[in-house]
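Coordinates in review
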Amino acid sequence: MSNVELGLPALPAKPYPPEVHQRLAADARQLIARYPQSRSALLPLLHLVQAEEGFVSATGIRFCAEQLELTTAEVTAVATFYSMYRRRPAGQYHVGVCTNTLCAVLGGDQIFAELKEHLGIGNNETTEDGAVSLEHIECNAACDYAPVVMVNWEFFDNQTPDSAKQLVDDLRAGREVRPTRGARLCTFKETARLLAGFPDERPGAVDESGAGGAPSLAGLRLAKGEQLPGTPGARVVSPRNEGTEA
Ligand code: FES
């Protein structure tokens, strides 16, 4: 399959302008130094170039290949395998709607359909103002809060079509929105730089990450024999993991 068919510009690509290349190369050296083998730094480097342009461009692929002494084909294979690497420019806020099984049946499909109509864009497209891009995504391992929506990979739990539309309206209007869990939002490019492995320097942001919520911990509480509201009886678990009703 060609690069164009994969949604990537045709190769070969132009290099970054010298000042951009110099800055990114310094960042790349920091990342590469963390690994015994340089090629292990490919995933962080892809986030690094995504932080520069809002997606992994052909120029970004060329940069990664040069830094790691890989072929552009090898870098392209990785960049197109993982869905967190965008092949087209993302909006300032990248909205992902989980349409995997549990979220879908609990309303994710409806949320995605109504957001597409509300924003006037399709899957993997960006609003004209560049504020919001939309993508249907696979299970986010947050099924206990289904249906979930993510903005720049931060969770917005237990969504409805109306709450999701309000969310994107607030994002486009520049009103502050707070994820249900995790740190406050930053832009897609800023998020990509954090994912590359650079520290979050926003005061207090790291402490906002939070911990598992009540739905996530319900199984653990049951396993410990605790009776939860609405359950017929606590389950007492023996050391051999054989449960009996209390
Ligand atoms: S199915 Fe949506 S988070 Fe798992």
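Scroll up a little and you will see the structure.
Quick look at the structure, then. (Residues numbered from 1 in each chain as written. Predicted model: local features only at pLDDT ≥ 70, side-chain atom pairs only at ≥ 80, totals over all residues.)

1. Thoughts on the overall build of the protein chain
Helix and strand content of the protein chain: eight helices and seven strands. Counting over 246 residues, the protein chain shows a buried share of 30%. Partitioning the intrachain contacts of the protein chain with sequence separation of at least 6 by distance along the chain shows that 59% fall at a separation of at least 24. (Helix = DSSP H or I, 4+ residues; strand = E, 2+ residues; numbered from the N terminus. Buried ≥ 20, exposed ≤ 12 C-beta atoms within 10 Å, placed from the backbone. Contact = placed C-beta atoms within 7 Å.)

2. Brief notes about the nonpolar core
Counting 48 residues, the largest nonpolar core has Leu45, Cys64, Val148 and Val149 as its most contacted members. Ranked by residue count, the leading element in this core is helix H2 (residues 42–53), at six residues. Residues lining this core come from more than one domain, with at least three contributed by each of domain 1 (18–81) and domain 2 (93–186). Those residues in contact with valine 148 that lie beyond four places of it in its chain are Cys98, Cys103, Asn140, Ala142, Phe155, Phe156, Asp157 and Gln159. (Core = buried A, V, L, I, M, F, W, Y, C linked by C-beta atoms within 7 Å. Domains from an automatic or database assignment.)

3. A closer look at the sheet that holds strand S3 (residues 132–137)
Spatially, S2-S3-S1-S4-S5 is the arrangement adopted by the five strands of the open sheet, whose pairing is mixed. Two strands close off the open sheet at either side, each with one partner strand: strand S2 (125–126) and strand S5 (154–156). The sheet contact formed by strand S1 (residues 93–98) and S3 spans six bridges and is parallel. By the bridge assignment for S3, histidine 94 is matched with serine 133. Against the sheet, helix H5 (residues 101–119) makes contact with S1, S3 and strand S4 (149–151), and its axis sits at roughly 140° relative to S1, the strand it touches most. (Pairing = 2+ DSSP bridges. Axes fitted to C-alpha atoms, helices over the stretch in contact; angles between N-to-C directions.)

4. Quick notes on the environment of serine 83
Along the chain, the position of serine 83 falls in the loop between helix H4 (72–81) and S1. Residue class for serine 83 comes out exposed when judged on the 11 C-beta atoms lying within 10 Å of it. Between the alpha carbons of serine 83 and isoleucine 137 there is a distance of 8.5 Å; along the sequence they are 54 residues apart.

5. So, unusual backbone geometry
In this chain, alanine 146 is followed by proline 147 through a cis amide linkage whose omega measures -5°. Tracing the backbone shows proline 147 in the loop between S3 and S4. Here the phi dihedral of alanine 141 falls at roughly 55°; this positive angle occurs in a residue that is not glycine. In this structure, asparagine 158 takes a positive phi of about 45° despite not being glycine.

6. Quick notes on helix H6 (residues 161–173)
Between the first and last C-alpha of H6 there are 18 Å, a value that for 13 residues agrees with the 18 Å anticipated at 1.5 Å per step. Looking at H6, one finds that the buried residues are Ala164, Leu167, Val168 and Leu171. Projected down its long axis, H6 carries its buried residues within an arc of 90°, all on one side. Turned more than 90 degrees away from the buried face of H6 sit Asp162 and Ala173, all of them exposed. Lining the buried residues of H6 we find S1, H5, S3, S4 and S5. The positive-phi residue at the C-terminal boundary of H6 is glycine 174, with phi of around 80°. (Expected span 1.5 Å × (residues − 1). Arc of directions from axis to C-beta.)

7. Re the pairing of S1
Burial runs high along S1: six of the six residues are buried. The alternating pattern of S1 places Tyr93, Val95 and Val97 and His94, Gly96 and Cys98 on opposite faces, both of which are buried. Across three bridges, the pairing between S1 and S4 is antiparallel. By the bridge assignment for S4, valine 95 is matched with valine 151.

8. Here's the deal with the pairing of S3
Of all six residues in S3, five are buried, a share of seventy percent or more. With two bridges joining them, S2 and S3 adopt antiparallel strand pairing. Along S3, the bridge assignment pairs threonine 126 with serine 133. In textbook terms, the turn of a hairpin is the stretch between consecutive antiparallel strands, and for S2 and S3 this stretch comprises five residues, one of which, glycine 130, has a positive phi near 75°.

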